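# Overview (structure and organization)
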Amino acid sequence: MENVKAEVKNLNFYYGDFQALKKLNFKIKEKHITAFIGPSGCGKTTVLRCFNRMHDLYPNNRYEGEIILYPENINLIGKDVDPIEIRMRISMVFQKPNPFPKSIFDNVAYGLKVRGVKNKSEIEDKVVTALKNAALWDEVKDKLKDVAFNLSGGQQQRLCIARALASDPEILLFDEPTSALDPIATSKIEELIVELKSKVTIIIVTHNMQQAARVSDFTAFFYLGEMIEFDETEKLFTNPKHRLTEDYITGRFS
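So, a few notes on the structure that sits alongside this text.

Conventions used here
- Residues numbered from 1 in each chain as written.
- Predicted model: local features only at pLDDT ≥ 70, side-chain atom pairs only at ≥ 80, totals over all residues.
- Heavy atoms only, no water.
- Helix = DSSP H or I, 4+ residues; strand = E, 2+ residues; numbered from the N terminus.
- Contact = heavy atoms within 4.5 Å.
- Polar contact = N/O pair within 3.5 Å; in protein donor to acceptor, adjacent residues only side chain to side chain.
- Axes fitted to C-alpha atoms, helices over the stretch in contact; angles between N-to-C directions.
- Parallel < 35°, antiparallel > 145°, perpendicular 65-115°, else oblique.
- Left-handed = near helix turned anticlockwise from the far one by under 90°.
- Nonpolar A, V, L, I, M, F, W, Y, C, P; charged D, E, K, R; others polar.
- Pairing = 2+ DSSP bridges.
- Phe/Tyr/Trp six-rings, centres within 6.5 Å; stacked < 30°, edge-to-face > 60°.
- Expected span 1.5 Å × (residues − 1).
- Buried < 20%, exposed > 50% of the residue type's maximum accessible area, 1.4 Å probe, protein only.
- 1 Å grid on protein atoms, 1.4 Å probe; cavity = no way out; pocket = protein on both sides within 12 Å on 5 of 7 lines; lining within 4 Å.
- Points joined across faces, edges and corners; volume = space filled by probe spheres on them.

Topologically, histidine 55 is positioned in the loop between helix 1 (44–51) and strand 4 (61–69). Those residues in contact with histidine 55, other than ones at most four positions away along the chain, are Phe13, Tyr15, Thr46, Arg49, Cys50, Asn61 and Tyr63. Of note is the side chain of histidine 55, whose polar atom sits 2.9 Å from the backbone oxygen of threonine 46.

See below:
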């Protein structure tokens, strides 16, 4: 697998005494989409949140192993690495749209200002670019000062994607980004995710197997905190190597 952007090595993760992830090893290919699938509670969102250190926000959580970010060879979960810097480089879009109680413009500009960007024209350029890359510019260009809550659910989610893109992340994490949306908004977000992979490496957690099959290049199937199978999406869905994977994707899973 050439052009690896990140590599997970012997990753274990604990919520207090409970071991949620067990000896995970896999690679994330640059500018491709990798989907994490599996039943509820299997660990897929837990893995995703290791990449941008979201678990640091809660006490008694513990990482073991490494997640190496290339080409710098930074261990994302290393104790000497600043989680805030990691979250700038690895952005996340959550399950439900979560715009800030600010204008559309200020939502997208927020991460840039936190990063210390003060040049107004630079901020404006990046906001416009992010909104265009999130396929939202044409719908909001005349109402950038409006409160973001006035947007529809699908537009709010694309706004959150624009906000995540504005700080030029190296990896974009999606945690079930369409589960709160209707089919039309879902379709728009899926098209957008596929378009974005030319610019950024993407990891998506989805409970929707059809979505994983539609948008991703690679798929990882998790069960009870272990990675059961990882392969090119088409191979995993048409010719799974593991019985558990086959049972899950054919609906025979109990």
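Back to the text.
In the contact formed by helix 6 (residues 153–166) and helix 7 (residues 183–196), the axes pass within 9 Å of each other and the chain directions differ by 20 degrees. Our classification of the angle between helix 6 and helix 7 gives roughly parallel. Seen from above, helix 6 lies across helix 7 with right-handed handedness. Of helix 7, the residues touching helix 6 (which contributes Gly154, Gln157, Arg158, Ile161 and Leu165) are Ala185, Lys188, Ile189, Leu192 and Leu196. For the contact of helix 6 with helix 7, a count of residues per class yields six nonpolar, two polar and two charged.

Let's shift gears to the packing of helix 3 (residues 104–114) against helix 4 (residues 120–133). Between helix 3 and helix 4, the shortest axis-to-axis distance is 9 Å and the interhelical angle comes to 120 degrees. Classified by the angle their axes make, helix 3 and helix 4 are oblique. You can see that helix 3 and helix 4 cross each other, and the crossing is right-handed. Along its contact with helix 3, which presents Phe105, Val108, Ala109, Leu112 and Lys113, the element helix 4 presents Ile123, Glu124, Lys126, Val127, Ala130 and Leu131.

Sheet architecture is open: six strands sit in the order 6-7-8-3-9-10, paired in mixed fashion. Pairing within the sheet leaves two strands with one partner each, and these edge strands are strand 6 (90–93) and strand 10 (226–232). Going from strand to strand, the sheet's axes swing by 20 degrees on average, the running direction of each strand aside. Looking at chain direction, strand 9 (residues 218–223) and strand 10 are connected through six bridges and run antiparallel. The residue of strand 10 that forms the bridge with tyrosine 223 is glutamate 226. On top of the sheet, helix 1 reaches strand 3 (33–37), strand 6, strand 7 (171–175), strand 8 (201–205) and strand 9; it is set at about 150 degrees to strand 7, its chief contact.

To continue, consider the packing of aromatic side chains. Tallied over the entire structure, the rule returns nine aromatic pairs. With a centroid separation of 6.2 Å and 20 degrees between ring planes, the pair formed by phenylalanine 218 and phenylalanine 230 is classed as stacked. Within this pair, whereas phenylalanine 218 is found in strand 9, its partner phenylalanine 230 is found in strand 10, the two being separated by 12 residues in sequence. Aromatic side chains phenylalanine 221 and tyrosine 248 sit 5.1 Å apart centroid to centroid with 25 degrees between the ring planes, which places their arrangement in the stacked category. Residue phenylalanine 221 is located in strand 9, and its partner tyrosine 248 is located in helix 10 (residues 243–249); the two are separated by 27 residues in the primary sequence.

Moving on: helix 6. Helix length check: helix 6 (14 residues) gives 20 Å between terminal C-alpha atoms against 20 Å at 1.5 Å per residue, within 8%. Most of helix 6 sits out of view: 13 of its 14 residues are buried.

It is worth spelling out the layout of surface pockets at this point. For the largest pocket, the calculated volume is near 480 Å³. Forming the boundary of the largest pocket are 19 residues, of which Arg87, Ser91, Met92, Tyr110 and Arg163 lie nearest the centre. Looking at which element gives the most residues to the lining of the largest pocket, the answer is strand 6, with four residues. Each residue belonging to the lining of the largest pocket can be placed in one class, and the counts come to 12 nonpolar, five polar and two charged.

Turning our attention to the pairing of strand 9. Buried residues dominate strand 9, accounting for five of its six residues. The turn joining strand 9 and strand 10, which pair antiparallel and follow one another in sequence, is formed by two residues; a positive phi near 50 degrees is taken by leucine 224.

What follows is about the sheet that holds strand 4. Strand order in this open sheet of four strands is 2-1-4-5, and the pairing throughout is antiparallel. With one partner strand each, in any of the chains shown, strand 2 (18–29) and strand 5 (74–75) form the two edges of the open sheet. Two strands pair when backbone bridges link them, and strand 1 (residues 4–15) and strand 2 are joined in this way by eight bridges, in the antiparallel orientation. Bridge pairing links tyrosine 14 to glutamine 19 in strand 2. Contacting strand 1, strand 2 and strand 4, helix 1 runs over the sheet at an angle of about 65 degrees to strand 2.

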